[in-house]
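Coordinate inspection notes
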Amino acid sequence: MERTLSIIKPDAVKKQVIGKILDRFESNGLRIAALKKLQLSKEQAQKFYEIHKDRPFYNDLVNFMISGPVVVSVLEGENAVLKNRDLMGATNPKEAKKGTIRADFAENIDANAVHGSDSLENAKIEIEFFFKADELN
């Protein structure tokens, strides 16, 4: 049993597709172990995406992530990290397979609807960033 972090980004929240995205997870064998909607501060977004701080898109990413509320969740299931990444589709929605979250709900590579942990190690770090142990069911 693995856990992974998912973020429904501001563009998808604004489009009111939170329920549709959460249904994709549950319909594909992932259980929602924790869930919250919040508005990231600039400092939180900078810290969360710190790994990208030297990349040219960092400031745009931070500004996008603070542009509206996000929904953060912990998904749990067999091969949760890989399953979530498959459900999300390619980072660039134009390259995402039909039926993936990004193909269906994202507008472009910058406003790409969702974030998901890319490894078990990062999932642990990312989950601890947003959730206390007693918030996980």
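Rules behind the numbers
- Residues numbered from 1 in each chain as written.
- Predicted model: local features only at pLDDT ≥ 70, side-chain atom pairs only at ≥ 80, totals over all residues.
- Heavy atoms only, no water.
- Phe/Tyr/Trp six-rings, centres within 6.5 Å; stacked < 30°, edge-to-face > 60°.
- Buried < 20%, exposed > 50% of the residue type's maximum accessible area, 1.4 Å probe, protein only.
- Lys NZ or Arg CZ within 6 Å of the ring centre and 35° of its normal.
- Pairing = 2+ DSSP bridges.
- Helix = DSSP H or I, 4+ residues; strand = E, 2+ residues; numbered from the N terminus.
- Axes fitted to C-alpha atoms, helices over the stretch in contact; angles between N-to-C directions.
- Arc of directions from axis to C-beta.
- Contact = heavy atoms within 4.5 Å.
- UniProt positions renumbered as here; feature names shortened; annotations may be inferred.

1. A closer look at the packing of aromatic side chains
One pass over the full model with this rule turns up 4 aromatic pairs. Seen from their ring centres, F48 and Y49 are 4.9 Å apart, and the 85° between their planes marks the pair as edge-to-face. Note on F48: relative accessible area 12%, which makes it buried. Every member of this aromatic cluster is reached through a ring pair, and the members are F48, Y49, F129 and F130. The ring of F131 has K36 sitting right over it, with the charged end atom 4.7 Å from the ring centre.

2. Considering the sheet that holds strand β3 (residues 70-77)
Spatially, β2-β3-β1-β4 is the arrangement adopted by the 4 strands of the open sheet, whose pairing is antiparallel. Of all strands in the sheet, those with a lone pairing partner are β2 (31-38) and β4 (114-116), marking the two edges. Across the sheet, the mean angle separating the axes of adjacent strands is 20° when strand polarity is ignored. Bridge count for strand β1 (residues 2-8) against β4 is 3 bridges, and the pairing is antiparallel.

3. Observations regarding helix α5 (residues 80-88)
Burial in α5 covers these residues: A80, V81, N84, L87 and M88. Along the long axis of α5, the arc covered by the buried residues comes to 130°, so they all point the same way. When the buried face of α5 is taken as reference, the exposed residues oriented beyond 90 degrees from it are L82 and D86. Contact partners of the buried residues in α5: β1, α2 (18-27), β3, α6 (101-105), β4 and α7 (120-130). Remark: G89 follows α5 within two positions and exhibits a positive phi of approximately 90°.

4. Let's talk about α7
Since one α-helical turn is 3.6 residues long, residues separated by three or four positions face the same way. Buried within α7 are the following residues: A123, E126, I127 and F130. Around the axis of α7, the buried residues are gathered within 100° of arc, so they sit on the same side. Residues of α7 that are exposed and angled more than 90 degrees away from the buried face: E121, I125 and E128. Along its buried surface, α7 packs onto β1, β2, α3 (42-48), β3, α5 and β4.

5. Here's the deal with the UniProt feature "active site" (unreviewed entry) in the chain
When the UniProt feature table is mapped onto this chain numbering, "active site" (unreviewed entry) sits at H115. The exposure class of H115 is buried, given its relative accessible area of 13%. Once residues within four sequence positions are removed from consideration, H115 is found in contact with L5, S6, I7, K9, F48, Y49, M88, R102 and E126.

6. Describing the pairing of β1
β1 sits mainly inside the fold: 6 of its 7 residues count as buried. Summarising the sheet, β1 and β3 pair through 7 bridges and their orientation is antiparallel. The residue of β3 that forms the bridge with I8 is V71.

7. Focus: the UniProt feature "binding site: ATP" (unreviewed entry) in the chain
Residues annotated in UniProt with the feature "binding site: ATP" (unreviewed entry) correspond here to K9, F57, R85, T91, R102 and N112. Relative to the assigned elements, R85 resides in helix α5. Discounting residues that sit within four places of it in the chain, R85 has contacts with G116, S117 and D118. Apart from the residues lying within four places of it in its own chain, the contact partners of T91 are R102, I109 and N112.

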